[in-house]
Amino acid sequence: MKRLLYGSCILLLSVSVTLSIYFTFKVLAIEAQSKPMSPKKYDYHFVLVPEELDNDYWRLVEKGAKDAAKEHHVLLEYVGPAQADLKEQIKTIERSAASRVDGLLTQALNEKQFTPLINKIDLQGIPVITIDTDAPKSNRIAYIGTNNYYSGFIAGLALAKDLKGKANVAIITGRFEASHQQLRVQGFKDAVKNYKGIKVIAIEESNISRVQAAEKTYTILKEHPEVNAFFGTSALDGIGIAKVIQQFHRENSTYIISFDVLPETIAYLKEGVIEATVVQEPYEMGYQAIKMMIAHLEGKRIANSIYTETKVVYRKDLPLVPERNYEVRR
Ligand code: BGC
């Protein structure tokens, strides 16, 4: 009996020892899995600050920049206002510079505020590349993006050709204060000024919002029923204009030329509500900007400004290639 008791005690003890060893290992393994990995070492740390983070156009710039960053071992942060907000954008740029990043990429929305801002950051030893919108008199090391004056000019020529030199035009622009929007409007006006039959009747701003673009379109149509053509100078404007035109069944009597090719723009182009759109190369801008910044940090000479391609496209030109500049993945 004593032997039996002794034997079962030994058995119990060895089972409990085995079990506790097993569980200790298991817990350690789980802990190891859930612990954050040690931070990866990158060659450079860059920040990309757009006008509006969650804008499909800027998401394509981000995609290009992230792809290049991955290929070249760069830590890239994409930060800025969720919705267009100039003060917030400037604050984000200042905060990024204060955290001593190796390079800053941003859209220089207006020369008055961005020229001194960029110069201050340059003095701190942080190189700045402007994307999409330039501040040419600042100490930025380079610009990459559309030639904005030219893109407005070709929009004007396309409208004049499509409407055989006769139209009452309204323009919806992203923001009055933004340099690239001003250049697009100026280019457009210069292109149509020699056509006596073309008049620019009204110009309103959308504040980078498709809802406001729609509201402004509605007001323009109410106040100026003679308007029979619209030009939307930033990515969401054409979409807002098209919505109202379709609602009032005016698509057969109203011509729309928009900017960019977001999924909604493509849908309206296919339906024939938007006649033409000016395309830019947002993916390319982001991708090349990272490579330019690296080249600069490696002591290589880089071009002062690089104009990515811009052209007017119609329904017959769809689908557009290369896809990476136009395909928004949600
Ligand atoms: C412009 C961007 C702008 C976007 C707004 C584009 O056409 O190039 O600067 O942020 O439209 O939706």
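Conventions used here
Residues numbered from 1 in each chain as written. Predicted model: local features only at pLDDT ≥ 70, side-chain atom pairs only at ≥ 80, totals over all residues. Heavy atoms only, no water. Helix = DSSP H or I, 4+ residues; strand = E, 2+ residues; numbered from the N terminus. Expected span 1.5 Å × (residues − 1). Buried < 20%, exposed > 50% of the residue type's maximum accessible area, 1.4 Å probe, protein only. Contact = heavy atoms within 4.5 Å. Polar contact = N/O pair within 3.5 Å; in protein donor to acceptor, adjacent residues only side chain to side chain. Axes fitted to C-alpha atoms, helices over the stretch in contact; angles between N-to-C directions. Left-handed = near helix turned anticlockwise from the far one by under 90°. Near = heavy atom within 4 Å. Areas by Shrake-Rupley, 256 points an atom, 1.4 Å probe, with all protein chains shown as cover. 1 Å grid on protein atoms, 1.4 Å probe; cavity = no way out; pocket = protein on both sides within 12 Å on 5 of 7 lines; lining within 4 Å. Sits in = over half its atoms within 2 Å of the grid points. Nonpolar A, V, L, I, M, F, W, Y, C, P; charged D, E, K, R; others polar. Points joined across faces, edges and corners; volume = space filled by probe spheres on them. Core = buried A, V, L, I, M, F, W, Y, C linked by side-chain atoms within 4.5 Å.

Draft legend 1. The arrangement of helix α2 (residues 56-71) in detail. For α2, spanning 16 residues, the distance from its first C-alpha to its last is 23 Å, which sits close to the expected 22 Å at 1.5 Å a residue. Within α2, burial applies to Asp56, Tyr57, Trp58, Leu60, Val61, Glu62, Gly64, Ala65, Ala68 and Ala69. Looking at the buried residues of α2, the elements they touch are β1 (44-49), β2 (74-78), β4 (128-131), α9 (263-271) and α10 (282-297). With a side-chain oxygen lying 2.9 Å from the backbone nitrogen of Tyr57, the N-terminal cap of α2 falls on Asn55. Looking one or two residues beyond α2, the residue adopting positive phi is His73, at roughly 60°.

Draft legend 2. Representation of the side chain of Glu62. By the secondary structure assignment, Glu62 is in helix α2. For Glu62, a relative accessible area of 11% translates into the label buried.

Draft legend 3. Examining the packing of α2 against α10 more closely. Their axes nearest at 6 Å, the elements α2 and α10 cross at an angle of 35°. When the axes of α2 and α10 are compared, the crossing they make is right-handed. The residues of α10 that touch α2, namely those facing Tyr57, Leu60, Val61, Lys63, Gly64, Ala65, Asp67, Ala68, Ala69 and Glu71, are Pro282, Tyr283, Met285, Gly286, Tyr287, Ile290 and Lys291.

Draft legend 4. Up close: the site of the ligand. Close to the ligand lie 14 residues; Glu51, Trp58, Asp132, His180 and Asp260 are nearest. Within the side chain of Trp58, an N or O atom sits 2.8 Å from an oxygen atom of the ligand. Interatomic distance of 2.8 Å between a side-chain N/O atom of His180 and an oxygen atom of the ligand. Taken by itself the ligand offers 310 Å² of open surface, and the protein chains cover 100% of this. The pocket occupied by the ligand, as judged from atoms lying within 2 Å of grid points, is the largest cavity. For the shell around the ligand, the elements supplying multiple residues, two or more each, are α2 and α6 (179-192). Among the residues forming the shell around the ligand, the class breakdown is five nonpolar, five polar and four charged.

Draft legend 5. Broad picture of empty space enclosed by the protein. What the rule picks out here adds up to two cavities of 30 Å³ or more. Looking at the largest cavity, its volume works out to about 140 Å³. Lining the largest cavity are 15 residues, with Glu51, Tyr57, Trp58, Ser234 and Ala235 positioned closest to its centre. Of all the elements in the fold, those that place two or more residues in the lining of the largest cavity are α2 and α6. Take the lining of the largest cavity: its biggest share by element is three residues, from α6. As a volume, the second largest cavity reaches approximately 40 Å³. Lining of the second largest cavity is provided by Tyr57, Leu60, Asp260, Val261, Leu262, Val279, Gln280, Pro282, Asn325 and Tyr326. Across the lining of the second largest cavity, the residue classes break down as seven nonpolar, two polar and one charged.

Draft legend 6. Summary view of the nonpolar core. Membership of the largest hydrophobic core comes to 56 residues, with the highest contact counts inside it found for Phe46, Leu105, Ile131 and Phe230. Here this core takes eight residues from α10, the largest share from any one element. The residues contacting Phe230, other than those within four sequence positions of it, are Ala170, Ile172, Thr217, Ile220, Leu221, Ile241, Ile245, Thr254, Tyr255, Ile256 and Ile257.

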